Amino acid sequence: MQLRNRQDFWSGVMFIALGLGASWQATNYQMGTAARMGPGYFPFALGIVLALLGAIVLLGSLSKKATETHVDKFDWRITFLVIGSVVLYALILKPLGVYLSVFVLVVVSSFASHEFNLKVAVANGIFLVVFSYLAFIKGLGLIFPLWPSFLGMN
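A short tour of the structure in this document, coming up. Computed from a predicted model, the values in this text were never measured in an experiment. (Residues numbered from 1 in each chain as written. Predicted model: local features only at pLDDT ≥ 70, side-chain atom pairs only at ≥ 80, totals over all residues. Heavy atoms only, no water.)

## Notes on the nonpolar core
Formed by L93, V98, Y99, V102, V106, V129, I137 and L146, the largest nonpolar core amounts to eight residues. Counting residues per element, the ones that place at least two in this core are α3 (76–110) and α4 (118–139). Excluding anything up to four places from it in sequence, I137 contacts S132, L142, F144 and L146. (Core = buried A, V, L, I, M, F, W, Y, C linked by side-chain atoms within 4.5 Å. Buried < 20%, exposed > 50% of the residue type's maximum accessible area, 1.4 Å probe, protein only. Helix = DSSP H or I, 4+ residues; strand = E, 2+ residues; numbered from the N terminus. Contact = heavy atoms within 4.5 Å.)

## A look at the packing of aromatic side chains
Enumeration over the complete set of coordinates arrives at six aromatic pairs. Both rings, one in F74 and one in W76, keep their centres 4.7 Å apart while their planes meet at 65°; by these two values the pair is edge-to-face. The two residues F74 and W76 agree in class, both being exposed. Note on Y99 and Y133: the rings are 6.3 Å apart at their centroids and 55° apart in plane angle, and the pair reads as tilted. With Y99 in helix α3 and Y133 in helix α4, this residue pair connects regions lying 34 residues apart in the sequence. For Y99, a relative accessible area of 14% corresponds to the buried category. Through a chain of ring-to-ring contacts, the aromatic side chains of F74, W76 and F80 assemble into a single cluster. (Phe/Tyr/Trp six-rings, centres within 6.5 Å; stacked < 30°, edge-to-face > 60°.)

## Re the packing of α3 against α4
Two numbers describe a pair of packed helices, the interaxial angle and the distance between the axes. Taken N-terminus to C-terminus, the directions of α3 and α4 make an angle of 145°; their axes are 8 Å apart at the nearest point. Judged by the sense of rotation from one axis to the other, the crossing of α3 with α4 is right-handed. Between α3 and α4, the residues in contact are Y99, V102, F103, V106, V107 and S110 and A121, V122, N124, G125, I126, L128, V129, S132 and Y133, respectively. For the contact of α3 with α4, the per-class residue count stands at eleven nonpolar, four polar and no charged. (Axes fitted to C-alpha atoms, helices over the stretch in contact; angles between N-to-C directions. Left-handed = near helix turned anticlockwise from the far one by under 90°. Nonpolar A, V, L, I, M, F, W, Y, C, P; charged D, E, K, R; others polar.)

Any functional reading would require information beyond the geometric quantities listed.
What follows is the structure in structure tokens.
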């Protein structure tokens, strides 16, 4: 076997490591049964599925049919933008509320794309604000500060 697709190979390694790590961490929680799942059941199963998908991707990178690729130099700017947007979200969630925080998260992380388009970023931000409202507030009934605290609209 010869390594032909380096991107898929390293993606597979990353998926396997994250999946096994998540499954291992989930064992610290009560597993329960399939009929009565504990808090560790779903993360454990999801981690195993991620590791299996990683193995499939990794093995596919060794196939003779795999497209030959190489891995470009690591772009720290992208890493800082994505991780920074998540940290920024955590910092502004309480004072600005879910709506503005999700929107800022999406727009700031969109700057990490080489094909950045402000209209697309704004549209994605609006979509995810609506989705967050429907899924987490209406669907699951979670309680978050929705609007900035200084507006007193929560």
